[in-house]
Amino acid sequence: MGKKEKGRIQSIRGTRDILPPESDRWLWLEERCRCVLGRFGYSEIRGPLFEHTELFQKGTGEGTDIVLKQMYTFQDRAGRSLTLRPEGTPSVARAVIERGLLKRAKVLKLYYIGPMFRYDRPQAGRYRQFDQLGAELVGVPGVEGDAESVHLHVMLLRELGLSQFTVKVNSVGCSKCRPTYSRLMRERLSDELENLCEDCRERFERNPLRVLDCKVKGCKEVAQGVPPILESLCDECRSQFEEFKARLGLIGLSFQEDPGLVRGLDYYTKAAFEIHHDLLGAQSALGGGGRYDGLIELYGGPPTPAVGFAAGLDRILLSVEKEEVAVPPALPVEVYVASVSQAGREKCFVLASSLREKFRVEVDLLGRSLQAQMKAANSVATRFSVIIGEEELSSGIYTVRDMESGEQEKVPEQDLREYLRRRLGL
RNA sequence: GUGGACGUAGCUCAGUUCGGUAGAGCCCUGGACUGUGGAUCCAGUCGUCGCGGGUUCAAAUCCCGUCGUCCACCCCA
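This one's a predicted model, so the numbers in the text were calculated from it and none came from an experiment. (Residues numbered from 1 in each chain as written. Chains lettered and ligands numbered in written order. Predicted model: local features only at pLDDT ≥ 70, side-chain atom pairs only at ≥ 80, totals over all residues. Heavy atoms only, no water.)

Trainee: Would you take a moment to explain the pattern of salt bridges for this structure?
Mentor: Oppositely charged side chains can form a pair if their charged atoms are brought close together. Applying the stated rule across the entire model yields 35 salt bridges. Across the pair Glu-44 and Arg-34 runs a salt bridge whose closest N-O atoms are separated by 3.0 Å. Residue Glu-44 is found in strand 1 (residues 43-44), and its partner Arg-34 is found in helix 1 (residues 22-39); the two are separated by 10 residues along the sequence. Assessed through its relative accessible area of 28%, Glu-44 is described here as partly exposed. Measuring nitrogen to oxygen at the nearest pair gives 3.6 Å for the salt bridge that ties Asp-120 to Arg-126. With a relative accessible area of 22%, Arg-126 lands in the partly exposed category. (Salt bridge = Lys/Arg side-chain N within 4 Å of Asp/Glu carboxyl O. Helix = DSSP H or I, 4+ residues; strand = E, 2+ residues; numbered from the N terminus. Buried < 20%, exposed > 50% of the residue type's maximum accessible area, 1.4 Å probe, protein only.)

Right under this line is the structure:
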């Protein structure tokens, strides 16, 4: 109907309204996720949706696609440059420092869930406002933290009934060995610049590692000629990567080693991982993360190891559809209170109101005929209907209809709650 | 940011080739059945055919622009 007005206001490109019954699926998703996070000992941190632009420039990285061309950045009325968060980790790191969280505990397990914003070209499973769940484990230097983070991500997916996904792992080295490898790549690539695509020539300057996961044929061939990063890792990183994989094996997680896996953000070190769904198209990354031992120090905090990941809830929900997981319905209607005539309507209204202290109850609000009410009762799939007409009004004994069998019983008002409770198995 | 497909009722879509007064199914509402739903049958509501402009006696249909969605790239969640 809104279409009639010309010049009507539309939702912003890349945003959407999640309507019922779709919104029930989101509630289910979040509830299941919070449950798993609770089992792993994580607590929620709720931060602002926008931050000083500088936070992302410094942390996410000046040269990254996100900072270069995907941020919603604007000036507030005082002329400060602010940015709608494109990812969650920088805010968590900032809060950890600003609120002194590490002074209270050596290990922090924090999760967040909510909207992120990136100015990208929309596609199925990719929106400009999208929902992410992130889990950060702060203060743990060892590979057990890495493995636990992967495990947590996998458990989130399994809890939702998903099984058709693949875990990919790699190591991107530490502050010591990564620069060595970057130098090596530059040396190797400098002779082959003409064989690289335009993007990769730019990557060559900014972050040569990212040439490794370019999909252009020529670049792939060039990349093949470069020894994998694993061969350039320092002894510590190399052994940690082996231990990381061993830990995954210990808890029965299968994974693929992917030397081309290079995360797009500057702050990652050592362990990196991504999880892709096997049945999704190009937008198949369900989540990814890794270790970021330098980030908190970069923001002016104490040197602090940390590992974490972010998962895309939109795509996870797409996977849930793809794998045809049965999402349990929202609370079904338990009782429909119907009136035979106008005379019974008041009583129905009062009865419905009081039954709602215990049951999910529907009652007609439009003054419709009994037949119409029964149709409505049927279409909301109620278990029972209570029918009130002249007889019931004068006797105080109501007619209760079992909507599955069609059988009816007479139940006095004072016994009604107990009767329904019993029949509903509550 | 690049290339391509598509936009018709709340939903799924036909009609566009070759211009001629907007259709179907589902949903919704009412009735057949005036104290009873699910099956069946009958009837009814909803559209300025995404928006704006152009060509034409006449445009859902042809042309241009624009907005949006989808696919691939890019990037990733």
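Trainee: Hey, could you run me through the pairing of strand 9 (residues 269-277) in this one?
Mentor: Sheet faces and side chains relate simply in a regular strand, where the side chains alternate between the two faces. Of all nine residues in strand 9, nine are buried; the element is thus mostly enclosed. Bridging between strand 7 (residues 165-171) and strand 9 involves seven bridges; their strand directions are antiparallel. Note on strand 9: the bridge partner recorded for Val-169 is Phe-273. As judged from the six bridges shared by strand 9 and strand 10 (residues 285-291), these two strands associate in the antiparallel manner. Looking across to strand 10, one finds that His-276 is bridged to Ala-285. (Pairing = 2+ DSSP bridges.)

Trainee: Would you explain the packing of helix 12 (residues 345-355) against helix 15 (residues 416-424) in this entry?
Mentor: Axis angle and axis distance: for two packed helices, these are the angle between their axes and the distance between the axes, and together they describe the pair. Relative to each other, helix 12 and helix 15 sit at 55 degrees, their axes nearing to 12 Å. By the criterion of interaxial angle, the relationship of helix 12 to helix 15 is oblique. The two elements helix 12 and helix 15 meet at a crossing, and its hand is right-handed. Packed against helix 12, whose contacting residues are Leu-351, Ser-354 and Leu-355, the element helix 15 presents Leu-416, Arg-417 and Leu-420 at the interface. Across the contact of helix 12 with helix 15, the residue classes break down as four nonpolar, one polar and one charged. (Axes fitted to C-alpha atoms, helices over the stretch in contact; angles between N-to-C directions. Parallel < 35°, antiparallel > 145°, perpendicular 65-115°, else oblique. Left-handed = near helix turned anticlockwise from the far one by under 90°. Contact = heavy atoms within 4.5 Å. Nonpolar A, V, L, I, M, F, W, Y, C, P; charged D, E, K, R; others polar.)

Trainee: Looking at this model, I keep getting lost on the nonpolar core. Mind explaining?
Mentor: Most often, soluble globular proteins have nonpolar side chains that are buried together. By size, the foremost hydrophobic cluster in this structure holds 65 residues, and its most contacted members are Leu-29, Leu-152 and Ile-316. When residues in this core are grouped by element, the largest group, seven residues, is from helix 5 (residues 143-159). Dropping the residues within four chain positions of it, Ile-316 is found in contact with Leu-29, Leu-157, Leu-160, Leu-162, Leu-286 and Ala-311. By size, the runner-up hydrophobic cluster in this structure holds 28 residues, among which are Ile-45, Phe-56, Leu-101 and Leu-295. (Core = buried A, V, L, I, M, F, W, Y, C linked by side-chain atoms within 4.5 Å.)

Trainee: How do you make sense of the protein's contact with RNA strand B when you look at a structure like this?
Mentor: Near RNA strand B lie 50 residues; those nearest to it are Arg-203, Arg-210, Arg-263, Ala-285 and Met-403. Per the 4 Å cut-off to the protein, sugar and phosphate atoms form 54% of the nearby atoms of RNA strand B. With respect to RNA strand B, the backbone of Ala-282 contributes an N or O atom lying 3.4 Å from a base nitrogen. The contact in question runs from a base nitrogen of RNA strand B to an N or O atom on the side chain of Gln-283, over 3.3 Å. When contributions to the surface near RNA strand B are tallied by element, the ones reaching two or more residues are helix 3 (65-70), strand 6 (129-138), strand 10, helix 13 (370-379), helix 14 (390-395) and strand 15 (397-402). (Near = heavy atom within 4 Å. Polar contact = N/O pair within 3.5 Å; in protein donor to acceptor, adjacent residues only side chain to side chain.)

Trainee: Would you mind showing me how to read the pairing of strand 15 here?
Mentor: Judged from the four bridges that link them, strand 14 (residues 384-388) and strand 15 form a sheet pairing that is antiparallel. Residue pairing across strands places Phe-384 opposite Asp-402, the latter belonging to strand 15. As consecutive antiparallel partners, strand 15 and strand 16 (residues 408-412) are separated by five residues, and within that stretch Gly-406 has a phi angle of approximately 85 degrees, a positive value.

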